[in-house]
Amino acid sequence: MNATPAKNVTTAKSATTATTGKGQTPPAHAGMFQLLNGVFITGAISCLATLGVPDLVEHGPKSAEELASQIGADPRALYRLMRATASVGVLSEGPDGKFSETPLSAVLRRNANPSLRAFAIIHGREWHGLGWSRLEYCVRTGKQALDKIYGMPIFQFFEQRPEESQLFNQAMTDLSTIDGPAVADAYSFREIHSIVDVAGGHGLLLATILARNPHMKGTVCDLPHVLEGAKDGPLKPMMERCTLASGDMFSSVPAGADAYIMKHIIHDWPDEECIKILKACRKGVNPGGKLLVVDNVIQPGNDFAPGKFLDLQMLIFPGGCERTEKQFRELFAAAGWRLSRVIPTAVPESVVEGVAA
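Residues numbered from 1 in each chain as written. Predicted model: local features only at pLDDT ≥ 70, side-chain atom pairs only at ≥ 80, totals over all residues. Heavy atoms only, no water.

### A closer look at the overall build of the protein
Part 1: Looking only at helices and strands, the protein has 18 helices and nine strands in total.
Part 2: At 22 Å, the protein has a C-alpha radius of gyration in line with the 21 Å of a compact globule built from 357 residues.
Part 3: Overall size of the protein, expressed as C-alpha extent along the three principal axes, is 65 × 45 × 40 Å.
Part 4: If you take every contact in the protein between residues at least 6 apart in sequence, the share linking residues at least 24 apart comes to 64%.
Part 5: Accessible surface computed for the protein: about 17100 Å², of which carbon and sulfur atoms make up 55%. (Helix = DSSP H or I, 4+ residues; strand = E, 2+ residues; numbered from the N terminus. Rg over C-alpha atoms; globule rule 2.2 N^0.38 Å. Contact = heavy atoms within 4.5 Å. Areas by Shrake-Rupley, 256 points an atom, 1.4 Å probe, with all protein chains shown as cover.)

### Details of a nonpolar patch on the surface
Part 1: Together, M32, L35 and L36 give the surface a local cluster of nonpolar side chains, amounting to about 270 Å² of exposed area.
Part 2: Owing to a relative accessible area of 52%, L36 belongs among the exposed residues under this scheme. (Patch = residues over 30% accessible without salt bridge, like charges linked within 9 Å, V, L, I, M, F, W, Y side chains within 5 Å. Salt bridge = Lys/Arg side-chain N within 4 Å of Asp/Glu carboxyl O. Buried < 20%, exposed > 50% of the residue type's maximum accessible area, 1.4 Å probe, protein only.)

### Side note on the nonpolar core
Part 1: Formed by 36 residues in total, the largest nonpolar core has its most connected members in L48, V53, L78, M82, L91, W127 and L146.
Part 2: Elements with a contribution of two residues or more to this core: α3 (38–51), α5 (64–71), α6 (75–86), α8 (117–122), α11 (145–150), α12 (154–160) and α13 (162–186).
Part 3: For L91, the residues in contact, after removing those within four places along its chain, are L48, V53, V57, M82, T85, A86, F99, S100, T102 and S105.
Part 4: Counting residues in each nonpolar core, the second largest holds 28 residues, with A199, I265, V293 and V352 among its members. (Core = buried A, V, L, I, M, F, W, Y, C linked by side-chain atoms within 4.5 Å.)

### Regarding the pairing of strand β6 (residues 257–263)
Part 1: Among the seven residues of β6, seven are classified as buried, and the element is accordingly described as predominantly covered.
Part 2: Where strand β3 (residues 194–198) meets β6, three bridges bridge the pair, whose relative direction is parallel. Residue pairing for β6: V196 is matched across the bridge by Y260.
Part 3: Pairing between β6 and strand β7 (residues 285–295): six bridges, direction parallel. The partner of A259 across the bridge, within β7, is K290.
Part 4: The parallel pair β6 and β7, bridged by helix α16 (residues 271–284), forms a crossover whose chirality is right-handed. (Pairing = 2+ DSSP bridges. Right-handed = clockwise from strand over helix to strand, strands pointing away.)

### Some points on the pairing of β7
Part 1: Examined bridge by bridge, β7 and strand β9 (residues 350–356) share six bridges and lie antiparallel to one another. Among the inter-strand pairings, L291 is bridged to a residue of β9, identified as G354.

### Considerations on the pattern of salt bridges
Part 1: Applying the stated criterion to the full structure yields 17 salt bridges.
Part 2: The partner of E136 in a salt bridge is R140, with the nearest N and O atoms 2.8 Å apart. With E136 and R140 both in helix α10 (residues 135–141) and four residues apart, the pair spans about one turn of that helix.
Part 3: Judged by relative accessible area, which is 67%, R140 ranks as exposed.
Part 4: For the salt bridge of D303 with K308, the shortest nitrogen-to-oxygen distance reads 3.2 Å.
Part 5: Look at K308 and you get partly exposed, because its relative accessible area is 25%.
Part 6: Shared partners join several salt bridges into a network, and the residues in it are E58, E101 and R109.

### Regarding the packing of α16 against helix α18 (residues 325–334)
Part 1: Running from N to C, α16 and α18 point in directions that differ by 55°, and their axes come no closer than 8 Å. The angle between the axes of α16 and α18 places the two elements in the oblique class. The way α16 lies across α18 gives a crossing that is right-handed. Two secondary-structure elements touch here, α16 through D271, C274, I275, L278 and K279 and α18 through L331, F332 and A334.
Part 2: For the contact of α16 with α18, the residue count by class is six nonpolar, no polar and two charged. (Axes fitted to C-alpha atoms, helices over the stretch in contact; angles between N-to-C directions. Parallel < 35°, antiparallel > 145°, perpendicular 65-115°, else oblique. Left-handed = near helix turned anticlockwise from the far one by under 90°. Nonpolar A, V, L, I, M, F, W, Y, C, P; charged D, E, K, R; others polar.)

### A short note on the sheet that holds β6
Part 1: Strand order in the open sheet formed by seven strands is β5-β4-β3-β6-β7-β9-β8, with mixed pairing between adjacent strands. The sheet terminates laterally at β5 (242–246) and β8 (337–344), the two strands that pair on one side only. Neighbour-to-neighbour, the strand axes of this sheet turn through a mean angle of 20°, independent of strand direction.
Part 2: Alignment of strand β4 (residues 217–222) against β5, held across five bridges, turns out to be parallel.

### Describing helix α17 (residues 306–316)
Part 1: All of the buried residues along α17 are G307, L310, Q313, M314 and I316. Buried residues in α17, looked at end-on, bunch into an arc of 150°, giving them a common side.
Part 2: Buried residues along α17 sit against α9 (126–133), α10 and α11. (Arc of directions from axis to C-beta.)

### Focus on α13
It helps to recall that an α-helix has 3.6 residues per turn; residues three or four apart then point in one direction.
Part 1: Under the 1.5 Å per step criterion, the end-to-end length of α13 is 35 Å for 25 residues, consistent within 8% with the ideal 36 Å.
Part 2: A maximum bend of about 40° is found in α13 at T177, where proline P181 lies one to four positions downstream. (Expected span 1.5 Å × (residues − 1). Bend = angle between axes of the 7 residues up to and from the residue.)

### Section: the packing of aromatic side chains
Part 1: Taken as a whole and assessed by the stated rule, the structure comprises 14 aromatic pairs.
Part 2: On the basis of an interplanar angle of 45° and a centroid distance of 5.9 Å, the ring pair of F304 and F309 is categorised as tilted.
Part 3: We classify F304 as partly exposed; its relative accessible area is 23%.
Part 4: Every member of this aromatic cluster is reached through a ring pair, and the members are W127, Y150, F155, F157, F158, F168, F250, W269 and F317.
Part 5: Geometry around W337 places R282 over its ring, the cationic atom sitting 6.0 Å from the centre. (Phe/Tyr/Trp six-rings, centres within 6.5 Å; stacked < 30°, edge-to-face > 60°. Lys NZ or Arg CZ within 6 Å of the ring centre and 35° of its normal.)

As structure tokens, this is what we get:
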């Protein structure tokens, strides 16, 4: 699972350190108000995306009254929503009361590339909000919120709720339009001829890698209900070089590959479960093969980093964590791998490379 860096966090940090025109530092409560208002901003943006407003203003300014009839909303309430999101740059309100597209609202369109529409919608879903509302429970017990709320872990929850599962998988695919090219740019796959994308979802990361490396063949390994969405997904134009394999990554993965890659997977699970996954990859890899884990690598210190808040979300659901290089090194060693290097990318995630120990 993934999360976005909160714009208000960096803004609030600057608000508490910058000086006013008179050379005075704003009071701490001003910065704190800005931080606390982040939940309002997130909720408003999620609602805007759910209603499809960014799609409707793509071709020109529209008033709330015009849009209300199209989406079945109350005009006055819709205006208040659009006005609020415009105040943070998501839409722009003109003097005539009509709203126009902005670069920030554009990435919430269905046809945007990249699109964060599904990712924004997730942040307004009931299960997501309830999970964060149980953060204190998670911190006190170390247990996951959705287990307490729904009586099951999050991925089982998705299996039983196809609409939520489809939305989650679409959000993960959309994120791959951003970090997939970054991985393909940062890491050289020249010596790799076969690769397995473990828990690869609908296959966009693998499709991106295969498109840039025509000498390679690939396999997406995931649960059967996830692979249903991959059959007509990004890999469809190159299925002659790709296979879909269903299975349980904790016990086995397709054997005989030069490399095993997993993006935003290891951070989902506690160490004991991760070791099972990495051992399965170690058992299946060809001699001289590689392990490629794409995740945040946490750095110590007080600097703002999206991965540090993402790590908090991992505590809530599904129960994993973001790791430091030292933690990755220890995790790899426990599964028969040796961490060989950490390759930064143009996005917050790095490629953590392992070789057989």
